[in-house]
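This is what each chain is made of:
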Amino acid sequence: ALEDAVAELQAGRSQQALVCAAGSMRNFDSLVVFGKLGLLDPENPAANLHPSYGTALLWLDSTRGDDALAELQWVQSCYSPEPFPQRHDWLQLLEQAAKRVTPDVVVSYCNGVKANDENETSVIQALFPAAQICNYKSLFGYTSKANNLLDIVAMLADPSIKPGSTVLVNGAGFGVGIGYVVVKKLRHSPVHSTTGDAA
């Protein structure tokens, strides 16, 4: 949705967009599927996934006023039908990013599935060795469909990420693919939370 919205703005078909995402890993379907995969088993050393729920909204405005929180520079995704991205998937995608940007901060997708987290982290460290790595799912859990926008919202509110920083936010979708968003943070955002699970 974010990639589509950015394409609409860049093409001049719209000046503003509202991108919404809501997800819950606590609903019955998600708990059954991820339970069958063994990813919710506290005895499973390969998984440390904490089901959560959340909603995030991003308002995009191509006319950018003085009150903008960030400048969204670009979005790129890569389709893959595989449920879990492999190291070569992250490498192929992030090598393209490395040709365009040297981020100060990388917000990792790492959701608690050990092999996935290791694959992604090893590529980040290889391609962006000087970047600070943040992970917000370790704080507010894994929501599935809302993760990418929640990570952006959390990054904007995170006082440890200074205004002026270039931030690369990684994302993934189960059986959909992986992608990244590059954002220049302009100032800190206040936090608006309606649950105890969101940062």
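Residues numbered from 1 in each chain as written. Predicted model: local features only at pLDDT ≥ 70, side-chain atom pairs only at ≥ 80, totals over all residues. Heavy atoms only, no water.

## Remarks on the pairing of strand β7 (residues 177-185)
With eight of nine residues buried, β7 is to be regarded as a mostly interior element. As paired elements, strand β3 (residues 70-79) and β7 share nine bridges and run antiparallel to each other. The residue of β7 that forms the bridge with Cys-78 is Ile-178. Direction of pairing for strand β6 (residues 166-173) relative to β7: antiparallel, over a ladder of eight bridges. Bridging from a neighbouring strand, Asn-170 pairs with Tyr-180 of β7. Here β6 hands over to β7 after three residues, with Gly-175 in that stretch at a positive phi of 75°. (Buried < 20%, exposed > 50% of the residue type's maximum accessible area, 1.4 Å probe, protein only. Helix = DSSP H or I, 4+ residues; strand = E, 2+ residues; numbered from the N terminus. Pairing = 2+ DSSP bridges.)

## Side note on the packing of aromatic side chains
For the structure on display, the rule yields four aromatic pairs. Note on Tyr-109 and Tyr-142: the rings are 6.3 Å apart at their centroids and 85° apart in plane angle, and the pair reads as edge-to-face. In this pair, Tyr-109 sits in the loop between β4 (105-107) and α4 (114-127) while Tyr-142 sits in the loop between α5 (137-140) and α6 (147-157), placing the two residues 33 residues apart along the sequence. The residues Tyr-109 and Tyr-142 share a single accessibility class, namely buried. Clustering of aromatic rings is evident, with ring pairs tying together Phe-34, Phe-84, Tyr-109, Tyr-142 and Phe-174. The lysine or arginine in question, Arg-100, covers the ring of Trp-74, its NZ or CZ lying 4.0 Å from the ring centre. (Phe/Tyr/Trp six-rings, centres within 6.5 Å; stacked < 30°, edge-to-face > 60°. Lys NZ or Arg CZ within 6 Å of the ring centre and 35° of its normal.)

## Let's talk about α4
With 14 residues, α4 should reach 20 Å at 1.5 Å per residue; the first-to-last C-alpha distance of 20 Å fits that figure. When we look at burial in α4, the residues that qualify are Asn-116, Asp-117, Asn-119, Glu-120, Val-123 and Ile-124. Down the axis of α4, the smallest arc covering the buried residues is 165°, so these residues share one side. Where α4 is buried, its residues meet α3 (87-98), β4, β5 (132-134) and β6. (Expected span 1.5 Å × (residues − 1). Arc of directions from axis to C-beta. Contact = heavy atoms within 4.5 Å.)

## A short note on a nonpolar patch on the surface
On the surface, Leu-18, Leu-57 and Trp-59 cluster together into a nonpolar patch covering about 360 Å² of accessible area. Structurally, Leu-57 is set in strand β2 (residues 53-61). We classify Leu-57 as exposed; its relative accessible area is 51%. (Patch = residues over 30% accessible without salt bridge, like charges linked within 9 Å, V, L, I, M, F, W, Y side chains within 5 Å. Areas by Shrake-Rupley, 256 points an atom, 1.4 Å probe, with all protein chains shown as cover. Salt bridge = Lys/Arg side-chain N within 4 Å of Asp/Glu carboxyl O.)

## Here's the deal with the sheet that holds β4
Pairing is mixed across the open sheet formed by five strands, whose spatial order is β3-β7-β6-β4-β5. Edge strands, defined here as strands with exactly one partner in the open sheet, are β3 and β5. Within this sheet the neighbouring strands show an average axis-to-axis angle of 20°, counted without direction. Strand direction decides the pairing type here: β4 and β6, joined by three bridges, are parallel. By the bridge assignment, Val-106 is partnered in β6 with Leu-168. Contacting β3, β6 and β7, α3 crosses the sheet at an angle of about 30° to β7. Lying over the sheet, α6 contacts β3, β4, β6 and β7, oriented at roughly 160° with respect to β6. (Axes fitted to C-alpha atoms, helices over the stretch in contact; angles between N-to-C directions.)

## Structural notes on unusual backbone geometry
Positive phi is not limited to glycine here, since Ser-144 has a value of about 75°. On the secondary structure map, Ser-144 appears in the loop between α5 and α6. With a relative accessible area of 26%, Ser-144 lands in the partly exposed category.

## Re the confidence of the model for the protein
Detailed conclusions should not be drawn from predicted coordinates in areas where pLDDT is low. Taken residue by residue, the protein gives an average pLDDT of 90. The fraction at 70 or more is 95%. Across residues 194-199, where pLDDT falls below 50, the model places nine contacts with residues more than four positions away in sequence or in other chains. (pLDDT = per-residue confidence, 0-100.)

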